[in-house]
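What the coordinates show
Here are the chains, one letter per residue:
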Amino acid sequence: MHKQLLKINFSIFKTSTGGDYLVEILGRYLNVYGVGAIKFVDKQWNAQKAQDVHTVKFSYINFNSISSILGRVKVRFPNVENYVFRETNIICLGQLNAMADTQGLKSITIDPEGNHIVANNKNWRAYCIWRLNHWGLKSINGMEITEEEIAEAEKAYNGLSD
């Protein structure tokens, strides 16, 4: 494997159950597709390529599986500051807590498709602001976070931290 897992020859691998997964660095993006890809995120990567990554995109993986590696993503890819979750089954506010230890988090995108929290919980954005603002979160789903939103989120959820 000449270019390590960076490209993994951009191949799709078969898991023992027959599902597809793919891990690739494409420009400044780390794309992680399918649950089988999780184990490859924590492998050795070309240092320069890993330094270039600023966004990690998780697709078609249950968020509970992703949460176990979130802390290690920053170790392998030190400049990651944007996280995208598509079809990851984020359904409750408690799952957002897993991102609270993700240092340098500037933006998150939680696609409404496959993440029911977006459509079914009108307070998810405020909770996300309250829970993740301490690392410098600036935008959620492409919308900048305002000072008013920060104040409202703190007012609504500060009782949880007492």
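Residues numbered from 1 in each chain as written. Predicted model: local features only at pLDDT ≥ 70, side-chain atom pairs only at ≥ 80, totals over all residues. Heavy atoms only, no water.

1. Here's the deal with unusual backbone geometry
Applied cut-off: Labels follow the DSSP assignment, with helices taken as runs of H or I lasting at least four residues and strands as runs of E lasting at least two, numbered in each case from the N terminus.
Positive phi outside glycine occurs at Tyr60, with the angle close to 60 degrees. Tracing the backbone shows Tyr60 in the loop between β4 (55-59) and α4 (63-67).

2. Some details on the pairing of strand β6 (residues 107-110)
Worth spelling out the cut-off: Here the rule is simple: two strands pair whenever DSSP picks up at least two bridges between them.
Across four bridges, strand β5 (residues 82-86) lies against β6 in parallel orientation. Its bridge partner lying in β6, Phe85 is registered against Ile110.

3. A word on helix α8 (residues 124-132)
Test applied: A 1.4 Å probe rolled over the protein chains alone gives each residue an accessible area, and that area as a share of the maximum for its type sets the label: buried under 20%, exposed over 50%, partly exposed in between. Throughout, a residue-residue contact means that at least one pair of heavy atoms, one from each residue, lies within 4.5 Å.
By the criterion of burial, α8 is predominantly enclosed, with seven of the nine residues buried. Restricting attention to buried positions, one finds in α8 the residues Trp124, Arg125, Tyr127, Cys128, Ile129, Trp130 and Leu132. Summarising the contacts, the buried residues of α8 are in contact with α6 (93-96), β6, α7 (117-120), β7 (139-140), β8 (143-144) and α9 (147-157).

4. A closer look at the environment of Thr88
We count it as follows: Identification of polar contacts relies on pairs of N or O atoms within 3.5 Å, with a donor-acceptor requirement for protein atoms, meaning one able to donate a hydrogen and the other able to accept it, and with residues adjacent in sequence counted only if both atoms are side-chain atoms.
Structurally, Thr88 is set in the loop between β5 and α6. Distance from Thr88 to Phe58, taken between C-alpha atoms, is 7.3 Å for residues 30 residues apart in sequence. Those residues in contact with Thr88 that lie beyond four places of it in its chain are Phe58, Ile61, Asn62, Phe63, Ile66, Gly114 and Asn115. Side-chain polar atoms of Thr88 contact the side chain of Asn115, separated by 2.7 Å.

5. As for the environment of Ile150
Tracing the backbone shows Ile150 in helix α9. Expressed as a C-alpha distance, the spacing of Ile150 and Ala126, which sit 24 residues apart in the sequence, is 7.7 Å.

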